[in-house]
Amino acid sequence: MNRLFVTVALLLLAGCATLPQQPTPGTPGAPNEPGTANAPDTPASRYEMEAGRDAKTIAELRAAPAPAIPDLQPGRNLAGDHDRLAAQGYVRIGSGYFSLAENEARDAAVHKGEEVGAERILLYPPQANAVAANEWVAAYYVRFKLAFGATFRDLRADERATLGVTGGVAIGSVVGGTPASRANLIAGDVVLEVDKQPIADRAAFQNLLKRGAGRSVTLTIVRNGEKLKRVVRMGSMQAADH
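Residues numbered from 1 in each chain as written. Predicted model: local features only at pLDDT ≥ 70, side-chain atom pairs only at ≥ 80, totals over all residues. Heavy atoms only, no water.

Caption draft 1: Here's a closer look at the overall build of the chain. When helices and strands are counted, the chain shows seven helices and 11 strands. By residue count, 38% of the 242 residues in the chain fall in the buried class. By sequence separation, contacts in the chain at least 24 residues apart represent 65% of the contacts at least 6 residues apart. Accessible surface for the chain amounts to roughly 14000 Å². Of this, 54% is attributable to carbon and sulfur atoms. (Helix = DSSP H or I, 4+ residues; strand = E, 2+ residues; numbered from the N terminus. Buried < 20%, exposed > 50% of the residue type's maximum accessible area, 1.4 Å probe, protein only. Contact = heavy atoms within 4.5 Å. Areas by Shrake-Rupley, 256 points an atom, 1.4 Å probe, with all protein chains shown as cover.)

Structure follows, in structure tokens:
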């Protein structure tokens, strides 16, 4: 009788057991589907983001919405092309490397450009670049609003209390080679005044930057508890940086 009971119990337990289910692609712990934006790089294709060019910063600084399809052009010289595009307000956001045939490399470069929101892609064949002799190299560019060249936000209540101020903005990402960068502004600086005019908040700072477009303005900042002056030689501005 005891043996019969044990046998029945084992059969019932076996009936309740279920096989582990595979997670749905796109959920935590699930493998990525090939071709999706979150697909990992492969030995034949990889992307390297420029420092400070994450998706949030790009979205805040770009001058226009990302196009549906990036403009793909043949590259001539990495350094020369970079300088030429920089003069037009374009900033390199990353580079792609493709150990693929030409047509496949072009398709992969455009696909990655769509994922990262690039406006222009310059593609260099293996024999024309000194970076990766056996790979196609794609340089991805986005046109930024560079009259100032940095993101900024309102100060939090605790930050205002610590500094003993009622207004101001905190500098976030600073784009290299821009007026903000050349004025030696860095992330974490707190801007209190523009040409001795107190800054109430982020919107007020934007308006003061617009007024200063095309000329030099003096910022009063606080860095590590020390009050400093920084002269920013502003560029022309069609739309305010933010």
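Okay, back to it.
Caption draft 2: Summary view of the packing of aromatic side chains. A full pass over the atoms with the stated rule returns four aromatic pairs. On the basis of an interplanar angle of 90° and a centroid distance of 5.7 Å, the ring pair of Phe 148 and Phe 205 is categorised as edge-to-face. Of this pair, Phe 148 sits in the loop between strand S5 (136-143) and strand S6 (150-154) while Phe 205 sits in helix H7 (residues 202-211), placing them 57 residues apart in sequence. For the pair shown, Phe 148 and Phe 205 are each scored as buried. An aromatic cluster of at least three residues, connected via ring pairs, comprises Phe 148, Phe 152 and Phe 205. (Phe/Tyr/Trp six-rings, centres within 6.5 Å; stacked < 30°, edge-to-face > 60°.)

Caption draft 3: Local environment of the nonpolar core. Grouped together as the largest cluster of nonpolar side chains are 20 residues, with contacts concentrated most on Phe 148, Leu 185, Val 191, Phe 205, Leu 219 and Val 232. Elements that contribute at least two residues to this core include exactly S6, strand S7 (169-174), strand S8 (190-194), H7, strand S10 (216-223) and strand S11 (226-233). Residues within four places of Leu 185 in sequence aside, it is in contact with Phe 148, Val 174, Ala 180, Leu 219, Ile 221, Arg 223, Arg 230 and Val 232. The next biggest cluster of nonpolar side chains, apart from the first, holds 18 residues, and it includes Tyr 47, Val 91, Ala 105 and Val 142. (Core = buried A, V, L, I, M, F, W, Y, C linked by side-chain atoms within 4.5 Å.)

Caption draft 4: Structural detail: the environment of Glu 102. When you line up the elements, Glu 102 lands in helix H4 (residues 102-116). Since its relative accessible area comes to 44%, Glu 102 is described here as partly exposed.

Caption draft 5: Layout of the sheet that holds strand S1 (residues 45-49). An order of S1-S3-S5-S4-S2 is seen for the five strands of this open sheet, with the pairing classed as mixed. Unpaired on one side and paired on the other, S1 and strand S2 (71-74) mark the two borders of the sheet. Strand-to-strand twist of the sheet, defined as the mean angle between neighbouring strand axes without regard to direction, takes the value 25°. Taken together, the eight bridges between strand S3 (residues 90-98) and S5 define a ladder with antiparallel strand orientation. Looking across to S5, one finds that Gly 96 is bridged to Ala 138. Against the sheet, helix H3 (residues 78-86) makes contact with S3, strand S4 (120-124) and S5, and its axis sits at roughly 165° relative to S4, the strand it touches most. H4 rests against S1, S2, S3, S4 and S5 of the sheet, and its axis sits at about 30° to S5. (Pairing = 2+ DSSP bridges. Axes fitted to C-alpha atoms, helices over the stretch in contact; angles between N-to-C directions.)

Caption draft 6: A look at the confidence of the model for the chain. In the predicted model, the chain carries a mean pLDDT of 81, and the fraction of residues at 70 or more is 78%. Below a pLDDT of 50 lies the segment residues 4-39, which in the model reaches 16 contacts outside its immediate sequence neighbourhood of four places, other chains included. Considering only residues more than four positions removed or in separate chains, one finds that residues 238-242, a stretch of pLDDT under 50, has 19 contacts. (pLDDT = per-residue confidence, 0-100.)

Caption draft 7: Focus on the side chain of Glu 159. Mapped onto the secondary structure, Glu 159 falls in helix H5 (residues 157-163). At 2.9 Å, the side chain of Glu 159 forms a polar contact with the side chain of Arg 153. (Polar contact = N/O pair within 3.5 Å; in protein donor to acceptor, adjacent residues only side chain to side chain.)

Caption draft 8: Expanded view of H7. When H7 is considered as a whole, its buried residues turn out to be Phe 205, Gln 206, Leu 208 and Leu 209. Buried positions in H7, seen along its axis, are confined to an arc of 165° and lie on one side of it. The backbone nitrogen of Ala 203 lies 3.3 Å from a side-chain oxygen of the residue at the head of H7, namely Asp 201. (Arc of directions from axis to C-beta.)

Caption draft 9: Region of interest: the pattern of salt bridges. Applying the stated criterion to the full structure yields 11 salt bridges. Among the ionic pairs, Arg 46 bridges to Glu 135, the shortest N-O distance being 2.7 Å. In this pair, Arg 46 sits in strand S1 while Glu 135 sits in the loop between S4 and S5, placing the two residues 89 residues apart along the sequence. One salt bridge in this structure joins Glu 159 and Arg 153, with 2.9 Å as the shortest N-O distance. Judged by relative accessible area, which is 17%, Glu 159 ranks as buried. Classification of Arg 153 by relative accessible area gives partly exposed; the value is 34%. Each of Arg 153, Arg 156, Asp 158 and Glu 159 takes part in one network of salt bridges that share partners. (Salt bridge = Lys/Arg side-chain N within 4 Å of Asp/Glu carboxyl O.)

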